[in-house]
Amino acid sequence: VENEVLKSLNLSIGRGRVFGIVGLSGAGKSTLIRLINQLERVTSGSVLVDGQDVTTQHNGDLINLRRHIGMIFQNFNLMRNSSVSENVAFPLKITGYSREYIKARVEELLELVGLSEYAESYPARLSGGQKQRVAIARALALHPDILLCDEATSALDPRTAKSILDLLKRINREMEVTIVIVTHDMAVVRYACDDVAVLDGGDIVEQGAVEEV
């Protein structure tokens, strides 16, 4: 029997919105957002980002697409042997920006996330919330249009999670970045999101404005 992961799924995310995808473990939430930046490839159907079908893009086009889509994860995915500033600088370095630009951009991003004084610290010395702020700064380095958040607050205590959600809301408001938040926690959706889709067994069972759903 063929393993169906997501089927007959139709979803539209508005530009500049904070969009929640909520469901139990195994519902397909992480798979769904990984289709947006094509970390998972589709076998049928299409995924449109800014009107372009990203499922047809390969190599250089795909690299370019991913520069416009930042991503943060539940377990932060920081480089342990690199300082905070080196972690944030990493996508800028591999893209080939000048040393002067990288230095200025890293300083700007660390100020945005409230970690300027931790620039030379290493991840092992940071709290969970601070690590996630570093990950957010790194995800914003290349001025993405979209920020994907895969269970980004589920490893954090409630107060720290709220501060991260406040930061994401501010980024959405001030930088006009579209944010997609995957979570199993409806409280996160109620607090941070404009719209929500409820995923169950690979199907969207409900979607709409948060206050309606």
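The structure displayed is predicted, hence computed values, not measured ones.

## Examining the environment of Val-49
Right, so step 1: Mapping Val-49 onto the fold places it in strand β2 (residues 48-49).
Right, so step 2: Given the relative accessible area of 13%, Val-49 is considered buried.
Right, so step 3: Considering only alpha carbons, one finds Val-49 and Ile-13, 36 residues apart in sequence, at a separation of 9.5 Å.
Right, so step 4: Not counting the four nearest positions on each side in its chain, Val-49 is found in contact with Ile-36, Val-54, Leu-65 and Ile-146.

## Quick notes on the confidence of the model for the protein
Right, so step 1: Residues of the protein with pLDDT of at least 70 account for 96%, and the chain-wide mean is 90.
Right, so step 2: Across the protein, the element-wise mean pLDDT spans from 78 in helix α2 (residues 59-67) up to 98 in helix α4 (residues 99-112).

## Some words on the packing of aromatic side chains
Right, so step 1: Counted under the stated rule, the structure contains one aromatic pair.
Right, so step 2: Summarising the aromatic geometry, the rings of Tyr-97 and Tyr-101 are spaced 4.7 Å apart at their centres and angled 25 degrees between planes, so their arrangement reads as stacked.
Right, so step 3: Its relative accessible area of 37% is what places Tyr-97 among the partly exposed residues.

## Quick notes on the pattern of salt bridges
Right, so step 1: All told, the structure shown has six salt bridges when counted by the stated rule.
Right, so step 2: The salt bridge partner of Glu-107 is Lys-103, with a shortest N-O separation of 2.9 Å. Within this pair, Glu-107 and its partner Lys-103 are both found in helix α4, separated by four residues, close to a single helical turn.
Right, so step 3: One salt bridge in this structure joins Arg-170 and Glu-174, with 3.3 Å as the shortest N-O distance. Here the residue Arg-170 and the residue Glu-174 both occupy positions in helix α6 (residues 158-175), the gap between them amounting to four residues, near one helical turn.
Right, so step 4: Its relative accessible area of 31% is what places Arg-170 among the partly exposed residues.

## What to know about unusual backbone geometry
Right, so step 1: The residue Phe-76 is not glycine, and still its phi comes out positive at about 75 degrees.
Right, so step 2: By the element assignment, Phe-76 lies in the loop between β4 (69-73) and α3 (84-95).
Right, so step 3: Among the residues examined, Phe-76 registers a relative accessible area of 13% and is labelled buried.
Right, so step 4: Non-glycine residue Glu-176 carries a positive phi angle of around 55 degrees.
Right, so step 5: Along the chain, Glu-176 falls in the loop between α6 and β6 (178-183).
Right, so step 6: The class for Glu-176 is exposed, based on a relative accessible area of 64%.

## Notes on the state of the cysteines
Right, so step 1: Following the criterion strictly, the structure yields zero disulfides and no others.
Right, so step 2: The closest cysteine sulfur to the non-disulfide-bonded Cys-149 is located on Cys-193, 9.0 Å from its own sulfur.
Right, so step 3: With relative accessibility at 1%, the residue Cys-149 sits in the buried group.

## Some points on the pairing of strand β5 (residues 146-150)
Right, so step 1: Across the five residues that make up β5, a large majority, five, are buried.
Right, so step 2: A two-sided burial pattern is seen for β5, the buried positions comprising Ile-146, Leu-148 and Asp-150 on one face and Leu-147 and Cys-149 on the other.
Right, so step 3: Sheet analysis places β4 next to β5, joined by five bridges and oriented parallel. The partner of Phe-73 across the bridge, within β5, is Asp-150.
Right, so step 4: With five bridges joining them, β5 and β6 adopt parallel strand pairing. Bridge pairing links Leu-147 to Ile-179 in β6.

Procedures and definitions
- Residues numbered from 1 in each chain as written.
- Predicted model: local features only at pLDDT ≥ 70, side-chain atom pairs only at ≥ 80, totals over all residues.
- Heavy atoms only, no water.
- Helix = DSSP H or I, 4+ residues; strand = E, 2+ residues; numbered from the N terminus.
- Buried < 20%, exposed > 50% of the residue type's maximum accessible area, 1.4 Å probe, protein only.
- Contact = heavy atoms within 4.5 Å.
- pLDDT = per-residue confidence, 0-100.
- Phe/Tyr/Trp six-rings, centres within 6.5 Å; stacked < 30°, edge-to-face > 60°.
- Salt bridge = Lys/Arg side-chain N within 4 Å of Asp/Glu carboxyl O.
- Disulfide = S-S within 2.5 Å.
- Pairing = 2+ DSSP bridges.

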